[in-house]
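Here is what each chain is made of, one letter per residue.
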Amino acid sequence: MTTGPRLDEILAAHAGRDGALLPILHDVQAAFGCVDAGAEAEVAKALNLSRAEVHGVVSFYHDFTPSPDPRPEVQICRAEACQARGVEALVLAAEAAAGSRVRLKTVYCLGLCSVGPSARVGDTLHARLDEAALVALVRGA
Amino acid sequence: MTVVRISDDALALACGADAVAEAFAKAGCTVERVSSWGMHWLEPLVEVDGLGFGPATPVDVAAILAGSSAKAIGPIADHPFIARQQRLTFARAGRTRPLSLDDYAATGGWAGLDRARRMPAADVVAEIMGSGLRGRGGAGFPAGIKWRTVAEAPGARKYVVCNADEGDSGTFADRMLMEGDPFALLEGMAICAHAVGASRGYIYVRSEYPHAIAKLNAAIGLAAARLAPFVVEVRVGAGAYVCGEETSLLNSIEGKRGEVRAKPPLPALEGLFGCPTVVNNVLTLAAVPHILHEGGASLYDSLGVARSKGTMPIQIAGNVKRGGLFETAFGITLGELVNDIAGGTASGRPVKAVQVGGPLGAYLHPDQFGLPFDYETYAAADALVGHGGIVVFDDSADMGAMARFAFQFCAAESCGKCTPCRIGAVRGAELIDAIRSGSPRGPDAVERAPQMHNAPKAGRTRAEQLGLLEDLCDTMQSASLCALGGFTPYPVRSALKHWPEDFGDGL
């Protein structure tokens, strides 16, 4: 359940702000690990929007998820520059190391295109990964 | 006490700069965290008295301090990679602490803004027009014309929006600038605000750049008094590539789905919250303070070739020996960039293809290495300068797979508003699979239905499949609402044109 005083605080913090929906959703996602239907309804009410409008926004952006996933996340860049530096050859090993314990997420570009393959865990970035380094990263996540 | 300078750019951090900095601090040195020089293969790069050492690890600390390190590269500023550049937008790269107002002011910071604010707004617009500055986001639209349109548009409320949604693979100049010289971007925005009569600005940064977001927020806090009455706010994206398209970006700031808007109306007339809005890329706005220096506009106009004026921060990435940021006047050839400056591939194998301009840019063949970097020349060759990123591939690359990836990426990132992009991308990926599988494809269940009068009832040959792909590319290119669907055919067609052998042999 993601409604309650904490959600009220988030909504109050953004009251009166122009185009407040995305900043609110970021805060909700950070606080609860998801933006679920209950939160959508509360946010809609606070911003005088329909639930459909809020749901449309939540479902549009990759960063918002409808249910929480407490597993650690490792983001692996698989865009062209990292492909050129051989990321695809590492993916199978990373998936094997992750199993069902770690969530592997493909992202398109972390902006480290000259030193790939690269990955992100939380706000920590990792570059020049080879198979051993990526597997160690996934195991340690 | 020895002063050691190490970058705190996200790329340096990813390569282990913090551990190196800590080791130097433990050894009794004063560590200054500066912006990155942009020589990424040397990161973490350590600077002691102007001399460089890299890529450094904590193990190298003693040898570096003793002057006996094998990782010495000599004076950094004289390194060929730096000495060959002409840095205007990135003049401070490697030289200043990103969040030091003193460093910024000591290196010519705020001079452009002070001069601009002493001038009538129309004269500022005229200087930008005279500099020949064009939008660095990819479209290359003259910045001066955009500014004039907003300045002359009726409306009490106007906005300056900085597009920092740098989603293209192979590009990192926006990130480096935001992390390394955030005040320059804020100064450029403040000059723009003065020129067009805006009082509020937004910087829309992608959520994949947490370090840039933190630096910008800190910089805004430090420089608020200097920028006043202009107010800037950072808005964070939410993982949608298409939000780099300006109208979709505006929708996103407004709190809507990041769907593309049909143009007209132009954002310059009806942009953010329906008000006249300048939307410029980070590099465009960061070039502005230099142009507003005394004589800056004419210097800028004197650089470059034909209608591509000034300098372009080119980002060298992918499979290269020496990757990084290379700012130079327009006109440099692709061959020079890839062979001389980048030193060829990191793998040591021959270069097969170079993608210029991000995921929507064409793949160029080594036969085209004579092409000078210039918007019009690239357009004439069915290619894209885009945001200035170049990604090098060696001969192990499968260009058929890269063409398929272009469609797959477009399908994943399409906003869904227009049909050519939303459906074309999916069909394109299927079509490339069918072509690469080699066997002629028979009619599927839908095509066999009696009401599908025009669908072929016999199998399609390879030539027919390729014709269909051409047709699809035409449709996407001319009927998509924005560049995502409209430019996806560039990588596909160029891959098919130069490397048909990677698309199966049609047996």
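The structure presented is a predicted model; accordingly, all values stated were derived computationally and were not measured. (Residues numbered from 1 in each chain as written. Chains lettered and ligands numbered in written order. Predicted model: local features only at pLDDT ≥ 70, side-chain atom pairs only at ≥ 80, totals over all residues. Heavy atoms only, no water.)

Describing the overall build of chain B
- On a plain count of helices and strands, chain B comes out with 22 helices and 16 strands.
- Rg of the C-alpha trace for chain B: 24 Å, near the compact-globule value of 23 Å for 507 residues, within the 12% margin.
- Counting only carbon and sulfur atoms, one obtains 56% of the accessible surface of chain B, whose full area is about 17800 Å².
- Distance between charge centres in chain B, computed from 46 positive and 54 negative side chains, equals 4 Å. (Helix = DSSP H or I, 4+ residues; strand = E, 2+ residues; numbered from the N terminus. Rg over C-alpha atoms; globule rule 2.2 N^0.38 Å. Areas by Shrake-Rupley, 256 points an atom, 1.4 Å probe, with all protein chains shown as cover. Lys, Arg positive; Asp, Glu negative; His and termini not counted. Charge placed at Lys NZ, Arg CZ, Asp CG, Glu CD.)

Considerations on the sheet that holds strand β1 (residues 73–77) of chain A
All names here are of chain A.
- If you trace the 4 strands from one edge of the open sheet to the other, you get β2-β1-β3-β4, paired in mixed fashion. The open sheet has two edge strands, β2 (103–107) and β4 (124–126), and neither has a second partner. In this sheet, neighbouring strand axes are inclined to one another by 25° on average, regardless of whether the strands run parallel or antiparallel.
- Note: β1 against strand β3 (residues 119–121), 2 bridges, orientation antiparallel. Paired with Ile-76 across the bridge in β3 is Ala-119.
- Docked against the sheet, helix α7 (residues 131–140) engages β1, β2, β3 and β4, running at close to 15° with respect to β3. (Pairing = 2+ DSSP bridges. Axes fitted to C-alpha atoms, helices over the stretch in contact; angles between N-to-C directions. Contact = heavy atoms within 4.5 Å.)

Examining helix α12 (residues 246–253) of chain B
- Burial analysis of α12(B) places 8 of its 8 residues in the buried class, the great majority of the element.
- Each element contacted by the buried residues of α12(B) is listed here: α2 (21–32) of chain A together with α8 (143–152), β6 (159–164), β7 (200–205), β8 (231–236) and β9 (277–281) of chain B.
- Among the residues trailing α12(B), B:Gly255 stands out with phi positive, at a value near 90°. (Buried < 20%, exposed > 50% of the residue type's maximum accessible area, 1.4 Å probe, protein only.)

Overview of the interface of chain A and chain B
- With 36 residues of chain A at the contact, the number on the chain B side is 67 residues.
- Between chain A and chain B, roughly 3600 Å² of surface is buried when both sides are summed, and carbon and sulfur atoms account for 56% of that area.
- The interface formed by chain A and chain B contains 1 salt bridge.
- Between A:Arg17 and B:Glu233 there is a salt bridge; the shortest N-O distance is 2.5 Å.
- Applying the counting rule to chain A against chain B returns 25 residue pairs in polar contact (both at pLDDT 80 or more).
- When grouped by side-chain class, the residues that make up the side of chain A that touches chain B number 18 nonpolar, 9 polar and 9 charged. (Buried area = accessible area lost by both parts, 1.4 Å probe. Salt bridge = Lys/Arg side-chain N within 4 Å of Asp/Glu carboxyl O. Polar contact = N/O pair within 3.5 Å; in protein donor to acceptor, adjacent residues only side chain to side chain. Nonpolar A, V, L, I, M, F, W, Y, C, P; charged D, E, K, R; others polar.)

A word on the pairing of β8(B)
All names here are of chain B.
- By the bridge criterion, 6 bridges tie β7 to β8 in an arrangement that is parallel. Along β8, the bridge assignment pairs Ile-203 with Val-234.
- What joins β7 to β8 is helix α11 (residues 210–227), and the crossover it makes is right-handed. (Right-handed = clockwise from strand over helix to strand, strands pointing away.)

What to know about the domain arrangement of chain A
- On domain assignment, one finds that chain A holds domain 1 (5–60) and domain 2 (73–140).
- Its C-alpha centre places domain 1 of chain A at a distance of 31 Å from the equivalent point of domain 2 of chain A. (Domains from an automatic or database assignment.)

So, helix α2 (residues 17–26) of chain B
All names here are of chain B.
- The set of residues buried in α2 consists of Ala-17, Val-20, Ala-21, Ala-23 and Phe-24. Looking down the long axis of α2, one finds its buried residues gathered within 160° of arc, a one-sided arrangement. Residues Glu-22 and Lys-26 are exposed on α2 and point more than 90 degrees away from its buried face.
- In this structure, the buried side of α2 is in contact with β1 (3–7), α1 (10–14), β2 (30–34), β3 (46–48) and α3 (61–66).
- Gly-28 occupies a position one or two residues after α2 and carries a positive phi of about 90°. (Arc of directions from axis to C-beta.)

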